[in-house]
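Chain by chain, the residues run as shown.
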Amino acid sequence: MKKALLAATVVASALTASLVAAPVATASGREDLRHRHDRPAIPFTEAAVTAGADGSYTLTWNAKGTARVAIKANGKVVAKGGAQGRAVVKGLPAADRQWFDFTPERGQRLRLADRLIALEGTANFRDAGGYRTTGGQWVKMGEIYRSDALNKLTANDLAKLRRLRVKTVFDLRMQDERTKDADQVPAGARYVVADVFAGSPSFQTLPKSPDEAVKSMIDAEKTMVSGDGGKKAYTRVFEGIGNGRDRSVLFHCTAGKDRTGWANATLLTALGVPQETVMADYLASNDYRKAANEAILSHLPAAQAAVYKPLLDVRPAYLNSGYDEVKATYGTFDRYLKDGLGIDARELKELKRDLLVG
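No experiment lies behind these values; they were computed from the predicted model shown.

Rules and cut-offs
- Residues numbered from 1 in each chain as written.
- Predicted model: local features only at pLDDT ≥ 70, side-chain atom pairs only at ≥ 80, totals over all residues.
- Heavy atoms only, no water.
- Core = buried A, V, L, I, M, F, W, Y, C linked by side-chain atoms within 4.5 Å.
- Buried < 20%, exposed > 50% of the residue type's maximum accessible area, 1.4 Å probe, protein only.
- Helix = DSSP H or I, 4+ residues; strand = E, 2+ residues; numbered from the N terminus.
- Contact = heavy atoms within 4.5 Å.
- Pairing = 2+ DSSP bridges.
- Axes fitted to C-alpha atoms, helices over the stretch in contact; angles between N-to-C directions.
- Phe/Tyr/Trp six-rings, centres within 6.5 Å; stacked < 30°, edge-to-face > 60°.
- Lys NZ or Arg CZ within 6 Å of the ring centre and 35° of its normal.
- Expected span 1.5 Å × (residues − 1).
- 1 Å grid on protein atoms, 1.4 Å probe; cavity = no way out; pocket = protein on both sides within 12 Å on 5 of 7 lines; lining within 4 Å.
- Points joined across faces, edges and corners; volume = space filled by probe spheres on them.
- Nonpolar A, V, L, I, M, F, W, Y, C, P; charged D, E, K, R; others polar.
- Parallel < 35°, antiparallel > 145°, perpendicular 65-115°, else oblique.
- Polar contact = N/O pair within 3.5 Å; in protein donor to acceptor, adjacent residues only side chain to side chain.
- Left-handed = near helix turned anticlockwise from the far one by under 90°.

A. Structural view of the nonpolar core. Counting residues in hydrophobic clusters, the biggest one holds 52 residues, and the most contacted among them are Tyr234, Ile241, Trp262, Leu267 and Tyr336. Listed by contribution, the elements that provide at least two residues to this core are helix H5 (210-226), helix H6 (228-243), strand S13 (248-252), helix H7 (259-271), helix H8 (275-283), helix H12 (316-330), helix H13 (333-340) and helix H14 (345-355). If you tally residues by element for this core, the top one is H7, at seven residues. Contacts of Trp262, omitting those with residues within four sequence positions, involve Glu221, Met224, Val225, Tyr234, Leu319, Gly322, Tyr323, Val326 and Tyr336. In terms of nonpolar packing, the next biggest core, distinct from the first, is built from 22 residues, Ala63, Ile71, Ala73 and Val89 among them.

B. Examining the sheet that holds strand S1 (residues 44-51) more closely. Spatially, three strands are ordered S1-S2-S5 in an open sheet, and the strand pairing comes out antiparallel. The open sheet has two free edges, formed respectively by S1 and strand S5 (84-89), since each of these has just one partner strand. For this sheet, the mean inter-axis angle between neighbouring strands, taken without regard to orientation, is 10 degrees.

C. Examining the pairing of strand S6 (residues 100-104) more closely. The element S6 is extensively covered by neighbouring structure, given that four of its five residues are classed as buried. Note: strand S3 (residues 69-73) against S6, four bridges, orientation antiparallel. Its bridge partner lying in S6, Ala70 is registered against Thr103. In terms of strand pairing, S6 meets strand S7 (residues 110-112) through three bridges, oriented antiparallel. Residue Asp101 lies in a different strand from S7, and its bridge partner there is Arg111.

D. Region of the structure containing the packing of aromatic side chains. Using the criterion set out here, one finds nine aromatic pairs in the structure. Members of the aromatic cluster, joined through ring pairs, are Trp262, Tyr323, Tyr330, Phe333 and Tyr336. Positioned above the aromatic ring of Tyr131 is the side chain of Arg115, whose terminal nitrogen or guanidinium carbon lies 3.9 Å from the ring centre.

E. Expanded view of H6. If you check H6, its first and last C-alpha atoms are 23 Å apart, about what 16 residues at 1.5 Å a residue would give, namely 22 Å. If you check which residues of H6 are buried, you get Gly229, Gly230, Ala233, Tyr234, Thr235, Val237, Phe238, Gly240, Ile241 and Gly242.

F. View of empty space enclosed by the protein. Across all of its chains, the model carries three cavities of 30 Å³ or more by this definition. What the second largest cavity holds in volume is close to 40 Å³. Lining the second largest cavity, in full, are Asp127, Ala128, Gly129, Val139, Lys140, Glu143, Ile144, Leu267, Leu271 and Leu355. For the lining of the second largest cavity, the residue count by class is six nonpolar, one polar and three charged.

G. Structural detail: the pairing of strand S4 (residues 76-81). As paired elements, S3 and S4 share five bridges and run antiparallel to each other. Bridging from a neighbouring strand, Lys72 pairs with Val77 of S4. Remark: two residues form the turn of the hairpin made by S3 and S4, two consecutive strands paired antiparallel; Asn74 in that turn has positive phi of roughly 55 degrees.

H. Up close: the packing of H12 against H13. Where H12 meets H13, the closest approach of the two axes is 9 Å, and the angle between their N-to-C directions is 75 degrees. Taken as axis vectors, H12 and H13 run roughly perpendicular relative to one another. Contacts from Tyr323, Val326 and Tyr330 of H12 reach H13 at Phe333, Arg335, Tyr336, Asp339 and Gly340. Of the residues contributing to the contact of H12 with H13, the split by class is five nonpolar, one polar and two charged.

I. Seen up close, the sheet that holds strand S11 (residues 166-171). Taken together, five strands build an open sheet; the order of strands is S8-S10-S13-S11-S12 and the sheet is mixed. Of all strands in the sheet, those bounded by a partner on one side alone are strand S8 (126-127) and strand S12 (190-193). Pairing geometry for strand S10 (residues 144-147) and S13, over four bridges, is parallel. If you follow Arg146 over to S13, its bridge partner there is Phe251.

J. Quick peek at the side chain of Gln137. Within the secondary structure, Gln137 sits in the loop between S8 and strand S9 (138-139). Among the polar contacts made by the side chain of Gln137, one reaches the main-chain carbonyl oxygen of Gly358 at a distance of 3.0 Å.

K. The arrangement of the packing of H5 against helix H11 (residues 302-312) in detail. Two numbers describe how H5 lies on H11: the axes approach to 8 Å, and their chain directions differ by 15 degrees. Taken together, H5 and H11 sit at an angle that is classed as roughly parallel. Relative to H11, H5 is oriented so that their crossing is right-handed. Side by side, H5 and H11 meet where Pro210, Ala213, Val214, Ser216 and Met217 of the first sit next to Ala306, Val307, Pro310 and Leu311 of the second.

L. Layout of the layout of surface pockets. For the largest pocket, the calculated volume is near 1,100 Å³. Together, 29 residues line the largest pocket, and Glu177, Thr254, Ala255, Arg259 and Arg289 are the ones closest to its centre. For the lining of the largest pocket, the secondary structure elements donating two or more residues are helix H4 (175-180), helix H10 (290-298) and H11. Partitioning the lining of the largest pocket into residue classes produces 13 nonpolar, five polar and 11 charged.

Rendered as structure tokens:
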């Protein structure tokens, strides 16, 4: 698993230099600046928690303008260092999620955990937060989750989701998917159907060549943006996020990469997360889904596997086609939020207030 894709901030690379820049939601930029002057900002420009298979945790950070950083877990200091550092922490007690408080000498602390939520019945269940915005704030962790299908959740998984306070589950799948593989939902959680492709011809017929497969993925991404089903589904999701300020919200599809990927890309873009970070979060599904995808392809004849592979992948061209559709249909990302999803400037400001720190 390429953990570099999961760092809390992502440095632009040769790959991202070739990507199409997404529009940025700017409706409440002035409010953010005033907010940052009201109290000390979080000085961390980079910070990440990466869990190892052996139970260890690798912590990395960069906090400009501060001489010392102390990192606590379970109320105890587990690592110290200067403005920039790396530490490996071992021997912590087992927990559903291990949280770390990155505390600078000056400024606000930053609370992070590994983004992956380890469950027995999923491969791509992760936290949507832990990313830094262009304005220097951070997306809270433990508020919004994204996932692949929930039909294989075990009793232990469901108990963990209850402890993580998951109270609303948005199912982005089509009716036949929901019927065949019904969700397992934690007790007390509200289950909401938000069918992105309702009424759409997307994926009604299988492509016959790799090129057709790529085209179908690009066309499907555009349908997520401008199709009636997509607009209704994502409007419902964002309404749920806006109304769930005291609880955790989860949205998912079958693989947690396309319909779920656009939902999360839209959320992060609206919050002001840089495009290269949004893209890296999107592409991380290739790593989380690697074993499952390889297992599927290994059982297919070579010619058929070549057609299926583009359907199992996430690629920059797919996500960028969504942003292209936003520009073509709405002109700006703010206009997409307002006219497509019903999120006006006031609601965008409230969303940032609820989900950003710093």
